[in-house]
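A structural walkthrough
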Amino acid sequence: MQTNRMSRALRVLLGGAALIAASAGLYAAHAETPGAVVIKNFMFSPMALTVKAGSTVTWKNLDGEPHTVVNDAGLFRSAALDQNDSYQFKFDKPGVYNVFCGIHPNMKETITVQ
Ligand SMILES: [Cu+2]
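Report on the accompanying structure. (Residues numbered from 1 in each chain as written. Predicted model: local features only at pLDDT ≥ 70, side-chain atom pairs only at ≥ 80, totals over all residues. Heavy atoms only, no water.)

1. Describing the sheet that holds strand β1 (residues 35–40)
- Reading across from one edge, β2-β1-β4-β6 is the order of the four strands in this open sheet, with mixed pairing throughout. In this open sheet, the two edge strands, each paired with only one partner strand, are β2 (43–45) and β6 (86–91). Strand-to-strand, the axes of this sheet are offset by a mean angle of 20°, without reference to chain direction.
- Pairing of β1 with strand β4 (residues 55–61) involves five bridges; the strand directions are parallel. Residue A36 lies in a different strand from β4, and its bridge partner there is T58. (Pairing = 2+ DSSP bridges. Helix = DSSP H or I, 4+ residues; strand = E, 2+ residues; numbered from the N terminus. Axes fitted to C-alpha atoms, helices over the stretch in contact; angles between N-to-C directions.)

2. Details of the side chain of N61
- Looking at where N61 falls in the secondary structure, it is placed in strand β4.
- The class of N61 is buried, set by a relative accessible area of 0%.
- Not counting chain neighbours up to four residues away, the residues in contact with N61 comprise I39, P66, H67, L81, D82, Q83, N84 and D85. (Buried < 20%, exposed > 50% of the residue type's maximum accessible area, 1.4 Å probe, protein only. Contact = heavy atoms within 4.5 Å.)

3. What to know about the pattern of salt bridges
- Counted according to the given criterion, the structure contains one salt bridge.
- The shortest N-O distance in the salt bridge between K90 and D92 comes to 2.9 Å.
- On the basis of relative accessibility, which here comes to 44%, the residue K90 falls in the partly exposed class.
- We classify D92 as partly exposed; its relative accessible area is 49%. (Salt bridge = Lys/Arg side-chain N within 4 Å of Asp/Glu carboxyl O.)

4. Topic: the pairing of strand β3 (residues 48–51)
- Alternating residues of β3 divide into L49 and V51, all buried, and A48 and T50, none buried.
- Note that β3 and strand β8 (residues 108–113) share four bridges and pair parallel. Among the inter-strand pairings, L49 is bridged to a residue of β8, identified as I111.

By themselves these figures say nothing about function.
Below, the structure is given as structure tokens:
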């Protein structure tokens, strides 16, 4: 009897610990990938992204056509990205950053850094 109750208590404890570990893992994974943008069908996706200051945003081009990632204020400008190429930029300062493709200027998005 005593052993049974003990093992049940232990299972509950272990279950709780596993839950905490799982949510900690989720949180860590989220923190490590603050900003991911895909370029597909001549569009940035998402078209509006919010990240925390100090975050690195990664753009990946999935189109067969080359695209570039250009900030309208001249803060950054990628080379032409071929299919599956990616580009990264670290946003240190809060603000609103307009991004467009230098080859197809109608492709636009906004990165908000908090
Ligand atoms: Cu483009």
